[in-house]
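What follows is the residue order along each chain.
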Amino acid sequence: MNERQIEYLIRSLGIGATYRGYRYLTYGIQLCLKDEDYLLSVSKLLYPQIAEHYCTTSYSVERDIRTVIKVCWDRGNKTLLQKIALRPLAAKPPSGEFFDILTAHLRQKSVPVI
């Protein structure tokens, strides 16, 4: 999956590159696309890997990703998020679910239709 496609989706959700969580989310989605096991343990596998890549702490990664999810939900394109989730979202999704929604959407887009 092309990094540009990931960034386009994130920006379409109303999350700008001015947030640290934007970079963490982009890299995290790349990792999840390569290995779905990251989605099974976001706090124990994904956040530490992102933190190591950006020379920061897992706590900082978690906080900054929560921030961009809140931005998307409160001021961003909630309609697009609802659409790509393929089901109604009654509340702001937790981080693991957010990664799952975006990863599944990007995977589905890259599968050729037969």
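Attention in this report is confined to the structure presented alongside it. (Residues numbered from 1 in each chain as written. Predicted model: local features only at pLDDT ≥ 70, side-chain atom pairs only at ≥ 80, totals over all residues. Heavy atoms only, no water.)

### Overview of the packing of aromatic side chains
Rule in force here: Only Phe, Tyr and Trp rings are paired, with Trp represented by its six-membered ring, and only when their centres lie within 6.5 Å; those with planes under 30 degrees apart are stacked, over 60 edge-to-face, the remainder tilted. Helix numbers and strand numbers start at the N terminus; a helix is a DSSP run of H or I with at least 4 residues, a strand a run of E with at least 2. Partly exposed describes any residue whose relative accessible area lies between the buried limit of under 20% and the exposed limit of over 50%, with all areas from a 1.4 Å probe on protein chains only and scaled to the type maximum.
Scanning all chains against the criterion turns up 2 aromatic pairs. The interplanar angle of 90° and the centroid separation of 5.9 Å between the aromatic rings of Tyr27 and Tyr54 together place this pair among those described as edge-to-face. Placement of the pair is Tyr27 in helix 2 (residues 20-34) and Tyr54 in the loop between helix 4 (42-53) and helix 5 (58-75), with a sequence separation of 27 residues. On the basis of relative accessible area, Tyr54 is assigned to the partly exposed category, the value being 26%. Site record: aromatic cluster; members linked through ring pairs are Tyr24, Tyr27 and Tyr54.

### Thoughts on helix 2
Residues spaced three or four apart along an α-helix face the same direction, because each turn holds 3.6 residues. Convention followed: For a helix, the expected span equals 1.5 Å multiplied by the number of residues minus one.
The end-to-end C-alpha separation of helix 2 is 22 Å, in line with the 21 Å expected for 15 residues at 1.5 Å each. Where burial is concerned, most of helix 2 is hidden: 12 out of the 15 residues are buried. What helix 2 keeps buried is the set Gly21, Tyr22, Tyr24, Leu25, Thr26, Tyr27, Gly28, Ile29, Gln30, Leu31, Cys32 and Leu33.

### Here we look at the packing of helix 1 (residues 3-12) against helix 2
How we decide: Orientation is described by lines fitted to C-alpha atoms, with helices fitted over the stretch in contact, and by angles between N-to-C directions that extend from 0 to 180 degrees. Should an angle fall under 35 degrees it is taken as roughly parallel, and over 145 as roughly antiparallel, whereas 65 to 115 is taken as roughly perpendicular and any remaining angle as oblique. Less than a right angle of anticlockwise turn of the near helix away from the far helix marks a crossing as left-handed, whereas a clockwise turn marks it as right-handed. It only takes one pair of heavy atoms within 4.5 Å for two residues to be counted as in contact.
Contact geometry of helix 1 with helix 2 gives a least axis separation of 10 Å together with a crossing angle of 130°. In this view, helix 1 runs oblique relative to helix 2, as classed from their interaxial angle. Once helix 1 is placed against helix 2, the crossing between them reads as right-handed. Touching Glu3, Ile6, Glu7, Ile10 and Arg11 of helix 1 are Tyr22, Leu25, Thr26, Ile29, Gln30 and Leu33, all from helix 2.

### A short note on the pattern of salt bridges
Let me state the cut-off plainly: For this document, the term salt bridge refers to a Lys or Arg side-chain nitrogen within 4 Å of an Asp or Glu carboxyl oxygen.
Taken as a whole and assessed by the stated rule, the structure comprises 6 salt bridges. One salt bridge connects Arg107 with Glu36, and the closest N-O pair in it is separated by 3.1 Å. Taken as a pair, Arg107 in helix 7 (residues 95-110) and Glu36 in the loop between helix 2 and helix 3 (37-40) lie far apart in primary sequence, 71 residues in all. A relative accessible area of 24% means that Arg107 is categorised as partly exposed.

### Thoughts on the packing of helix 2 against helix 4
Where we set the bar: Note that Gly is not counted as nonpolar here; it falls among the polar residues with everything else outside the nonpolar set of Ala, Val, Leu, Ile, Met, Phe, Trp, Tyr, Cys and Pro and the charged set of Asp, Glu, Lys and Arg.
Interaxial distance between helix 2 and helix 4 falls to 10 Å at its minimum, and their mutual angle equals 120°. Between helix 2 and helix 4, the crossing angle belongs to the class labelled oblique. By crossing handedness, the relation of helix 2 to helix 4 is classed as right-handed. Across from Tyr24, Tyr27, Gly28, Leu31 and Cys32 in helix 2, the residues of helix 4 making contact are Leu46, Gln49, Ile50 and His53. When its residues are assigned to classes, the contact of helix 2 with helix 4 shows 6 nonpolar, 3 polar and no charged.

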